[in-house]
Amino acid sequence: MAAWDLSVTVEELGPQAPPLKISVTSDLHIGGVILRVVEKSQIQRDWSDHALWWEQKQQWLLKPSWTLDKCGIHADARLCLTSQHKPLRLRLPSGITLRLRACFSSPVFRSVTGICRLLNIRHPEELSLLWPVEEKKKKKEKDVEEELYDITRSIPKLANGMPAFFAEAAETEAVYKMLVVSQPAPAPETIAKLYRTTNITEKAHINSRWLDSSRSLLQQGVKENDKLILRFKYYTFHDIVPQADAVRVTQLYEQARWAVLLEDTECTEEEMMVFAALQYHIGKVSLTEQFVASCPAMEDLDSALQCLEVKMEGESSADDMLVSSMAYMAMTLWPKVDIPKRLTLKGYKQYWFTFKETTISYFKSKEESCKEPIQQMSLKGCEVAPDVSVAGQKFCIRLLIPGPEGMNEVYLRCEHEQQYSRWMAACRLASKGKTLADSSFSSEVQSIQSFLAMQKTTPSTNTAQTDESINTHSLVSPRYQKKYKPKQLTPRILEAYQNVAQLSLTDAVQRFLQIWQALPDFGLAYIVVRFKGCRKDEVLGIANNRLIRIDLSVGDVVKTWRYNTMRQWNVNWDIKQVAIEFDGNVNIAFSCVTADCKIVHEYIGGYIFMSTRGREQSNTLNEELFHKLTGGHEAL
């Protein structure tokens with residue numbers, strides 16, 4: 001074969017150095033090219049981490065046995081010999097920025113796995129990387145250099161539960177302690193300056209910044225020392241063991257805390273006071289207490305809300321539970337499409353309700369319950385949200401029930417918190433297709449009751465009630481900073497604090513996460529889309545178990561589809577359209593407005609991948625399956 005010249009830039013020679021010209025033939029393999037370039041460069045160093053980057057094609061040449069002909073490389077190709085691992089500035093959920101070495105040649109999924117191994121975070125499949133938001137700075141504001149902790153020399157090996165590098169010196173050990181200990185409450189000015197989304201469209205734009213898990217960092221334009229954000233992307237937290245997950249749980253708590261403080265996740269005023277009390281308590285005990293497990297049997301966060309999902313055997317026990325669940329409840333039926341808003345203040349009417357399997361039926365009276373019900377409503381796929389004020393003795397459940405023409409809004413008003421706890425638990429299970437016979441029913445009831453107990457104000461003569469050192473505006477979101485003065489917030493937060501003051505650090509963090517997970521819009525990722533056949537933009541909410549269609553103009557839920565009813569989904573990459581088929585011949589199709597359709601495809605496939613993880617497989621990760629479900633036409 002005829003020889004020809006190939007131009008290769010060598011990164012180690014400097015940015016101004018001209019490319020090296022080497023004589024090659026088309027049957028020369030990639031490994032041979034690297035060898036000739038290294039010999040011609042005359043640089044004595046370890047080249048094992050280097051590989052060739054093809055600039056025009058934006059791809060790595062990582063198979064050393066492939067020939068130039070097989071790769072399609074000709075004389076006009078511009079190649080660069082560069083290291084595969086490069087420094088990266090990474091902002092963690094806690095706000096700490098680390099400078100570390102990340103793999104720029106592997107898919108982002110594998111690069112995140114390497115980063116998490118370095119930081120001792122298990123289950124890296126739940127996290128991913130995204131570009132930071134470009135904040136507009138005012139002219140008067142000066143650039144403040146953020147503190148950067150350099151761990152680029154670290155090696156992913158453990159020493160006494162700590163990555164070996166962190167244990168080498170007191171300075172690096174202090175950095176690791178920052179990863180496992182909750183950060184002090186931020187100043188109110190800091191919270192006010194941070195970027196906050198003010199509407200659902202801005203929240204949707206945030207989700208357009210996720211990196212593609214199937215492509216490498218360099219393929220997506222990430223350069224050496226660029227800044228990226230590491231975040232939990234998939235809100236299905238699997239197999240959490242506090243003894244082994246100190247960094248993971250702390251960073252998860254920090255992400256939850258900032259979601260509350262920056263109002264990414266909506267919560268009621270009473271819930272905000274409980275969150276503030278837990279933050280105050282966690283901040284105090286973090287000074288003296290280490291993060292350890294108080295309950296070895298608790299294997300994941302879901303166990304705090306649900307027991308193992310094992311169906312109870314025997315119809316008789318199930319029937320007993322169904323009979324015992326019958327109770328009087330006051331209710332009003334509000335189909336939003338039919339009743340004008342000026343009429344929605346109508347009084348509640350009292351009916352006799354029965355709850356069987358996943359359906360509620362109501363009758364005029366208990367005596368009428370043996371006859372045909374006035375109406376039956378299946379709660380499968382419905383949206384369940386609390387409307388509770390413990391202080392005002394208001395215990396309501398808001399249901400958005402799928403109907404032929406959209407979602408019907410129904411309010412159930414309970415007489416007391418015991419009744420509310422049982423019905424709320426039953427509605428949550430029914431929305432997931434589970435019945436009262438499910439073993440998680442009792443634990444769901446207990447979880448709801450414990451949360452209500454934390455919202456109760458218990459007058460106390462404790463000196464903490466007059467604690468002036470508490471910085472209340474650091475514990476609540478800007479909305480409540482503006483609404484109340486510190487003197488008004490302090491007694492309310494400290495009243496809630498009395499209900500959590502006895503919790504250990506581990507229990508307090510887990511309680512915070514449990515309440516966060518129970519919020520109605522927990523874990524929702526928003527994408528602005530346009531459904532096929534519609535002329536206006538709408539919002540698609542993506543959760544860990546369902547897709548939600550939301551009216552962009554008023555923010556109302558229009559329709560909900562559960563993943564467990566999904567038959568298939570696919571993407572037309574030419575016209576950038578996602579099509580999904582559900583049970584009952586329900587088909588939807590939409591194009592994405594604020595994000596690439598690959599992001600939606602990856603979210604859906606990612607959540608389905610998360611559902612395949614079993615407890616017995618907790619130490620293994622099927623990367624190939626992840627890419628098959630999320631990679632689309634570029635799947636590896």
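Look up a bit, the structure's there.
Everything quoted here is computed from the prediction, not taken from an experiment.

Next up on the list: the overall build of the protein. Scanning the protein from N- to C-terminus turns up 17 helices and 26 strands. Burial statistics for the protein: of 636 residues in total, 51% are counted as buried. Counting only contacts in the protein whose residues sit at least 6 apart along the sequence, the fraction spanning at least 24 positions is 65%. By element, 50% of the accessible surface of the protein is carried by carbon and sulfur atoms, the whole surface being about 31,000 Å².

This brings us to the side chain of E538. With respect to the helices, strands and loops of the structure, E538 is situated in strand β21 (residues 538–542). Given a relative accessible area of 5%, E538 falls into the buried group. Among the polar contacts made by the side chain of E538, one reaches the side chain of R549 at a distance of 2.8 Å. For E538, the contacting residues outside a window of four places in its chain are I527, V528, V529, F531, R549, I550 and L552.

Looking at helix α4 (residues 170–180), one finds that the buried residues are T172, V175, Y176, L179 and V180. The buried residues of α4 occupy one face: seen down the axis, they fall within an arc of 140 degrees. Facing away from the buried side of α4 by more than 90 degrees, the exposed set consists of A170, E171 and K177.

Counting 114 residues, the largest nonpolar core has L98, L217, W516, I542, L547, I580 and F590 as its most contacted members. With 10 residues, helix α8 (residues 269–285) is the single largest residue contributor to this core. Those residues in contact with I580 that lie beyond four places of it in its chain are L547, M566, Q568, W569, V586, N587, I588, F590 and I604. Core analysis: the second largest hydrophobic core is formed by 31 residues, L379, C382, L399 and I448 among them.

Time to look at the packing of helix α7 (residues 246–261) against α8. At a closest axis distance of 11 Å, the pairing of α7 and α8 adopts a crossing angle of 140 degrees. Relative to α8, α7 is oriented oblique. Between α7 and α8 lies a crossing whose hand is left-handed. Facing Y253, R257, V260 and L261 of α7, the residues of α8 in contact are M272, F275, Q279 and I282.

Let us look at unusual backbone geometry. The backbone of Q42 shows a phi angle near 60 degrees, a positive value even though the residue is not glycine. On the secondary structure map, Q42 appears in the loop between α1 (30–41) and β3 (50–54). Judged by relative accessible area, Q42 falls into the exposed class, the value being 68%. Positive phi values are uncommon outside glycine, yet N120 reaches one of about 65 degrees.

Ordered in space as β23-β22-β21-β20-β26-β25-β24, the 7 strands form an open sheet in which the pairing is antiparallel. Both edges of this open sheet fall to β23 (557–562) and β24 (566–572), since each of them pairs with a single strand only. For this sheet, the mean inter-axis angle between neighbouring strands, taken without regard to orientation, is 30 degrees. For strand β20 (residues 525–531) and strand β26 (residues 586–592), the ladder comprises 3 bridges, and the chain directions are antiparallel. The residue of β26 that forms the bridge with R530 is S591. Against the sheet, helix α16 (residues 597–611) contacts β20, β21, β22 (546–550), β24, β25 (577–582) and β26, and its axis sits at roughly 155 degrees relative to β24.

Right, let's talk about empty space enclosed by the protein for a bit. Under the criterion given, the structure shown has 5 cavities of 30 Å³ or more. When its volume is computed, the largest cavity comes out at roughly 230 Å³. As for the largest cavity, its lining consists of 22 residues, of which E271, R428, F451, Q455 and A518 are closest to the centre. Those elements that place two or more of their residues in the lining of the largest cavity are α8, β17 (383–389), α11 (417–431), α12 (440–455) and α15 (505–518). For the lining of the largest cavity, the leading source of residues is α12, giving 7 residues. For the lining of the largest cavity, a count of residues per class yields 12 nonpolar, 5 polar and 5 charged. Both domains that meet at the lining of the largest cavity, namely domain 2 (92–135 + 143–294) and domain 3 (330–436), each give it at least three residues.

All right, on to the sheet that holds strand β6 (residues 85–91) then. Taken together, the 5 strands give an open sheet; going across it, the order is β8-β12-β6-β7-β9, and neighbouring strands pair in mixed fashion. Sheet topology places β8 (127–130) and β9 (148–150) at the edges, where each strand pairs with a single neighbour. Across the sheet, the axes of successive neighbouring strands diverge by a mean angle of 45 degrees, strand direction being ignored. In this structure, strand β7 (residues 97–103) lies alongside β9, joined through 3 bridges in parallel fashion. Pairing of L98 across the sheet is with Y149, part of β9. The strands touched by helix α3 (residues 108–119) are β6, β7, β8 and β12 (227–232); relative to β8, the strand with the most contacts, the crossing angle is about 110 degrees.

Okay, the packing of aromatic side chains next. Under the defined criterion, the tally for this structure stands at 24 aromatic pairs. Judged by centre distance (4.9 Å) and plane angle (80 degrees), the rings of W516 and F522 are edge-to-face. Like F522, W516 is buried. Here the guanidinium or amino end of R549 rests over the ring plane of F531, the centre of that ring lying 3.9 Å away.

What follows is about the pattern of salt bridges. Summed over all chains, the structure comprises 29 salt bridges. Salt-bridge contacts for E254 lead to R257; the nearest nitrogen and oxygen are separated by 2.9 Å. Of this pair, E254 and R257 both sit in helix α7, separated by 3 residues, roughly a single helical turn. Here E254 matches R257 in class, with each residue buried. Across the pair K483 and E269 runs a salt bridge, and its minimum N-O distance is 2.9 Å. With a gap of 214 residues between them, K483 in helix α13 (residues 478–483) and E269 in helix α8 connect regions that are remote in the sequence. Given the relative accessible area of 19%, E269 is considered buried. Ionic contacts of the salt-bridge type, sharing partners, join the residues R122, E125, E126, D239, D245, R248 and R613 into one network.

Criteria and cut-off values
- Residues numbered from 1 in each chain as written.
- Predicted model: local features only at pLDDT ≥ 70, side-chain atom pairs only at ≥ 80, totals over all residues.
- Heavy atoms only, no water.
- Helix = DSSP H or I, 4+ residues; strand = E, 2+ residues; numbered from the N terminus.
- Buried < 20%, exposed > 50% of the residue type's maximum accessible area, 1.4 Å probe, protein only.
- Contact = heavy atoms within 4.5 Å.
- Areas by Shrake-Rupley, 256 points an atom, 1.4 Å probe, with all protein chains shown as cover.
- Polar contact = N/O pair within 3.5 Å; in protein donor to acceptor, adjacent residues only side chain to side chain.
- Arc of directions from axis to C-beta.
- Core = buried A, V, L, I, M, F, W, Y, C linked by side-chain atoms within 4.5 Å.
- Axes fitted to C-alpha atoms, helices over the stretch in contact; angles between N-to-C directions.
- Parallel < 35°, antiparallel > 145°, perpendicular 65-115°, else oblique.
- Left-handed = near helix turned anticlockwise from the far one by under 90°.
- Pairing = 2+ DSSP bridges.
- 1 Å grid on protein atoms, 1.4 Å probe; cavity = no way out; pocket = protein on both sides within 12 Å on 5 of 7 lines; lining within 4 Å.
- Points joined across faces, edges and corners; volume = space filled by probe spheres on them.
- Nonpolar A, V, L, I, M, F, W, Y, C, P; charged D, E, K, R; others polar.
- Domains from an automatic or database assignment.
- Phe/Tyr/Trp six-rings, centres within 6.5 Å; stacked < 30°, edge-to-face > 60°.
- Lys NZ or Arg CZ within 6 Å of the ring centre and 35° of its normal.
- Salt bridge = Lys/Arg side-chain N within 4 Å of Asp/Glu carboxyl O.

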